[in-house]
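Remarks on the overall topology
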Amino acid sequence: MRKELKDMTLYELWELFPITLVPHKSDWELWAEDEIAHLYTLLSDFCPRISHIGSTAIKGIVAKPIVDILVEIRQDSNWNELLKILDSAGYICMATSENRMSFNKGYTPEGYAERVYHVHIHPYGDHDEILFRDYLISHPEAAKEYERLKLSLLPKYRNNRDGYTEAKTEFVKKIMARLQD
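To start, this report covers the structure provided alongside it. Note that the structure is a prediction, hence the values are computed from the model and not measured.

So, on to the pattern of salt bridges. On inspection of all chains with the given rule, the structure shows 9 salt bridges. One salt bridge connects Arg 115 with Asp 34, and the closest N-O pair in it is separated by 3.0 Å. Taken as a pair, Arg 115 in strand β5 (residues 111–123) and Asp 34 in helix α2 (residues 27–42) lie far apart in primary sequence, 81 residues in all. Between Arg 74 and Asp 76 there is a salt bridge; the shortest N-O distance is 3.2 Å. Taking the relative accessible area as the measure of exposure, Arg 74 reaches 34% and is therefore partly exposed.

So, on to the side chain of Ser 102. Among the structural elements, Ser 102 can be located in strand β4 (residues 101–108). Leaving out residues up to four positions away in the same chain, Ser 102 has contacts with Ile 92, Cys 93, Met 94, Ala 95, Val 119 and His 120.

So, about the nonpolar core. One finds Leu 39, Val 71, Leu 82 and Ile 121 to be the most contacted residues of the largest nonpolar core, which totals 24 residues. Taken together, the elements giving at least two residues each to this core come down to α2, β2 (67–73), α3 (79–88), β4 and β5. At 5 residues, the largest contribution of residues to this core is made by α2. Apart from residues lying up to four places away in sequence, Leu 82 is in contact with Leu 43, Phe 46, Ile 73, Met 101, Phe 103 and Ile 121. Ranked by size, the runner-up nonpolar core spans 11 residues in total, among them Tyr 135, Ala 143, Ile 175 and Met 176.

Consider a sheet: its strands pair through backbone hydrogen bonds, and that pairing is either parallel or antiparallel. Ordered in space as β1-β2-β5-β4-β3, the 5 strands form an open sheet in which the pairing is mixed. Edge strands, defined here as strands with exactly one partner in the open sheet, are β1 (49–53) and β3 (92–96). Ignoring which end each strand starts from, the neighbouring axes of this sheet average 20° apart. Relative to β5, β4 runs antiparallel, the two being bridged by 7 bridges. Within the sheet, the bridge partner assigned to Phe 103 lies in β5 and is Val 119. Against the sheet, α3 contacts β2, β3, β4 and β5, and its axis sits at roughly 5° relative to β4.

Attention shifts here to unusual backbone geometry. Backbone geometry at Cys 47 places phi at a positive 50°, although glycine is not the residue there. With respect to the helices, strands and loops of the structure, Cys 47 is situated in the loop between α2 and β1.

Quick look at the packing of helix α5 (residues 140–157) against helix α6 (residues 161–180) now. A pair of packed helices can be characterised by two numbers: the angle between their axes and the separation between those axes. Their axes nearest at 9 Å, the elements α5 and α6 cross at an angle of 160°. Between α5 and α6, the interaxial angle falls into the category roughly antiparallel. Where α5 crosses over α6, the two elements pack in a sense that is right-handed. On α6, the residues touching Ala 142, Glu 145, Tyr 146, Leu 149, Lys 150, Leu 153 and Tyr 157 of α5 are Arg 161, Gly 163, Tyr 164, Ala 167, Lys 168, Phe 171, Lys 174, Ile 175 and Arg 178. Of the residues in the contact of α5 with α6, the class split is 9 nonpolar, 1 polar and 6 charged.

With that settled, the discussion passes to the environment of Ser 102. By relative accessible area, which is 18% here, Ser 102 ends up buried. Each C-alpha atom, one on Ser 102 and one on His 118, is 7.0 Å from the other, the two residues being 16 residues apart in sequence.

With 20 residues, α6 should cover 28 Å at 1.5 Å per step; its first-to-last C-alpha distance of 28 Å lies within 8% of that length. Taken as a whole, α6 has its buried residues at Arg 161, Gly 163, Tyr 164, Lys 168, Phe 171, Ile 175 and Met 176. In the core, the buried residues of α6 are packed alongside α1 (10–16), β4, β5, α4 (128–138) and α5.

What counts as what
- Within each chain, residues carry numbers counting from 1 in the order of the written sequence.
- The predicted origin of the model limits local features to residues at a pLDDT of at least 70 and limits the giving and counting of side-chain atom pairs to 80 or more, whereas totals for whole chains, interfaces and linings rest on all residues.
- Side-chain calculation: all heavy atoms of the structure are included, whereas hydrogens and water are not.
- Only one rule defines a salt bridge in this text: a Lys or Arg side-chain nitrogen within 4 Å of an Asp or Glu carboxyl oxygen.
- Here a strand is any run of E in DSSP of at least two residues, a helix any run of H or I of at least four, and the numbering for each starts at the N terminus.
- Each residue is placed in one exposure class: buried if its accessible area under a 1.4 Å probe, protein chains only, is under 20% of its type's maximum, exposed if it is over 50%, and partly exposed if it falls in between.
- It only takes one pair of heavy atoms within 4.5 Å for two residues to be counted as in contact.
- Here the nonpolar core consists of buried residues drawn from Ala, Val, Leu, Ile, Met, Phe, Trp, Tyr and Cys, with membership extended through side-chain atoms lying within 4.5 Å.
- Any two strands are treated as partners once DSSP identifies two or more bridges connecting them.
- Lines fitted to C-alpha atoms define the axes here, with helix axes fitted over just the stretch in contact, and angles between the N-to-C directions of these axes take values from 0 to 180 degrees.
- Angles below 35 degrees are treated as roughly parallel, those above 145 as roughly antiparallel, those between 65 and 115 as roughly perpendicular, and all remaining angles as oblique.
- By definition, any crossing whose near helix is turned counterclockwise from its far helix by less than a right angle is left-handed, and any crossing with a clockwise turn is right-handed.
- Classes in brief: Ala, Val, Leu, Ile, Met, Phe, Trp, Tyr, Cys and Pro nonpolar; Asp, Glu, Lys and Arg charged; the others, Gly included, polar.
- Each helix should span, by expectation, one fewer than its residue count multiplied by 1.5 Å.

In short, the description is geometric, and any link to function would need to be established separately.
This is the structure we're talking about:
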């Protein structure tokens, strides 16, 4: 009998959910639109601003087949209520802090579902992910450089999501510094 996700160690989760990179799929835009519409319905009282972010939002580069979505809400919102709403709708809370939360959807004890989402909750204006996405969309050479980096990291970090994310940080900071100039 397979363990429940909540009972698994981080190592077991990383083994069950390895990082994979696949060519861009046009379905991701539709999946994002569907999930964004669903989130607008669930969170309408929070007046959210919701955006498709991450590599699945950038045509022409490989990505993890996980659609990332950023939900921006007022800082003074009832974050505990938002947590309850998303939890009851089947989203798994992965992390919380004073002004951010992240949720996953599409993770099962058997592995990934057909559609997998990471939903990031931030206060309005905390949206560097949108700036990064837009920069890569408007600078295809930088997007390809990012793709090469991700592909080079995959062998070492296939089963270490935190290490994979950390190893991309310098590149992201470099792009964000360009936006400050």
